[in-house]
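Per-entry structural report
Listed here are the chains, written in short residue letters.
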Amino acid sequence: MTAKAPQPENRADALHVDREVGDHDSGSTRTTPEQQERARAFAVGAAQMMRDDKCTDELVLDLRGRSQVTDFFVIGSGTSQRQMRSSAMHAADLAKELGLPIMKDNLGDRDSDWFIIDGVDVVVHLFEPETRLFYDLEMLWGDAPRIDWRRDDQKDESFADGGDRNLAGLDPDDIPEG
């Protein structure tokens with residue numbers, strides 16, 4: 001008996017995703033255009049869910065043509081392990097709804113200040129702010145285009161115009177002194 005692939009359900013269908021993939025499609029060598037679009041939808045949806053879960057400083061980096069490991073990074077910050085784990089679990093559920101595999105995660109770790117969901121084409125990173133600053137993934141991939149993942153109800157003026165944010169997308173208040 002052949003098992004059917006999971007079909008997207010309500011949350012995935014309700015996602016607002018810009019269907020124009022952009023100029024960076026040709027950089028991915030592992031996937032078909034349909035798989036790239038599903039991966040992009042997951043990356044955008046994961047960032048939207050992080051914001052819904054009250055995480056901060058979310059961003060989606062388009063790594064196609066820049067990384068041989070993955071096509072998209074989703075990066076966000078949380079205020080507690082409970083919040084970050086819960087938000088990461090929501091992102092993992094979304095991947096399942098979209099029929100995307102999760103190859104590895106660390107959601108079962110008791111004490112973690114960095115939760116990772118490795119969906120091969122999309123890797124989701126949820127950090128405590130100090131850990132995020134230490135590893136500085138967004139600066140490591142500073143030349144990667146950023147994808148506007150926000151729904152209209154998630155846009156705020158300080159993020160939309162760049163405000164006082166640095167290249168990592170963080171406010172000066174997010175950086176610990178010392």
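For every chain, the first residue of the written sequence is number 1, and numbering continues from 1 onward in sequence order. The predicted origin of the model limits local features to residues at a pLDDT of at least 70 and limits the giving and counting of side-chain atom pairs to 80 or more, whereas totals for whole chains, interfaces and linings rest on all residues. Hydrogens and water are ignored here; the side-chain numbers use all heavy atoms of the structure.

1. Let's talk about the packing of aromatic side chains
- Classification of ring pairs rests on two measures: the distance between centres of Phe, Tyr or Trp rings, Trp counted by its six-membered ring, which must be within 6.5 Å, and the angle between planes, read as stacked under 30 degrees, edge-to-face over 60 and tilted in between. Applying the stated criterion across every chain yields a total of four aromatic pairs.
- Pairing W114 with Y135 gives two aromatic rings, centres 4.6 Å apart and planes at 45°, and the pair type is tilted. Of this pair, W114 sits in strand β4 (residues 114-118) while Y135 is found in helix α4 (residues 129-135), placing the two residues 21 residues apart along the sequence.
- Buried residues are those whose accessible area, probed at 1.4 Å on protein chains only, stays under 20% of the maximum for their type, while exposed residues exceed 50% and partly exposed ones sit between those limits. The class of Y135 is partly exposed, set by a relative accessible area of 42%.
- Within the aromatic cluster, the residues linked to one another by ring pairs are W114, F127, F134 and Y135. The way it works is that DSSP assigns letters per residue, a run of H or I at least four long becomes a helix, a run of E at least two long becomes a strand, and they are numbered from the N terminus.

2. Remarks on the confidence of the model for the protein
- pLDDT is defined as a per-residue confidence score from the predictor, taking values between 0 and 100. Averaged over every residue, the pLDDT of the protein is 79; residues scoring 70 or more account for 70%.
- Should any heavy atoms of two residues lie within 4.5 Å, those residues are counted as being in contact. In this model residues 1-26 is a low-confidence stretch, pLDDT under 50, and it forms 39 contacts with partners more than four residues away in sequence or in other chains.
- Confidence drops under a pLDDT of 50 for residues 157-163, and excluding neighbours within four residues, the segment shows six contacts in the predicted structure.

3. A word on the pairing of strand β2 (residues 72-77)
- Most of β2 sits out of view: six of its six residues are buried.
- Neither face of β2 is exposed, since F72, V74 and G76 on one face and F73, I75 and S77 on the opposite face are all buried.
- Strands qualify as paired when DSSP identifies two bridges or more between them. Across five bridges, strand β1 (residues 56-62) lies against β2 in antiparallel orientation. Directly across from V60, in β2, lies its bridge partner V74.
- Note: β2 against strand β5 (residues 122-127), six bridges, orientation parallel. Residue pairing across strands places V74 opposite V124, the latter belonging to β5.

4. Considering the pattern of salt bridges
- Take a side-chain nitrogen of Lys or Arg and a carboxyl oxygen of Asp or Glu: if they are within 4 Å of each other, that pair is a salt bridge. Throughout the structure, instances matching the rule amount to seven salt bridges.
- R151 is the partner of D52 in a salt bridge, and the nearest nitrogen-oxygen pair spans 2.7 Å. You can see D52 sitting in helix α2 (residues 33-52) and its partner R151 sitting in the loop between β6 (146-147) and α6 (157-160), a full 99 residues away along the chain.
- D52 sits in the partly exposed class, given a relative accessible area of 40%.
- What makes R151 buried here is its relative accessible area of 19%.
- Note that D62 and R64 form a salt bridge whose closest N and O atoms lie 2.6 Å from each other.
- D62 gets classed as buried once you look at its relative accessible area, which sits at 2%.

5. Describing the sheet that holds β5
- As summarised here, the arrangement of the six strands in space is β3-β4-β5-β2-β1-β6, forming an open sheet in which the pairing is mixed. Only two strands of the sheet have a single neighbouring strand rather than two, namely β3 (104-105) and β6.
- Angles shown run from 0 to 180 degrees and are taken between the N-to-C directions of axes, each axis being a line fitted to C-alpha atoms and, for helices, limited to the stretch in contact. Against the sheet, α2 contacts β1, β2, β5 and β6, and its axis sits at roughly 5° relative to β2.
- Helix α3 (residues 81-97) contacts β4 and β5 of the sheet and is inclined by roughly 10° relative to β4.

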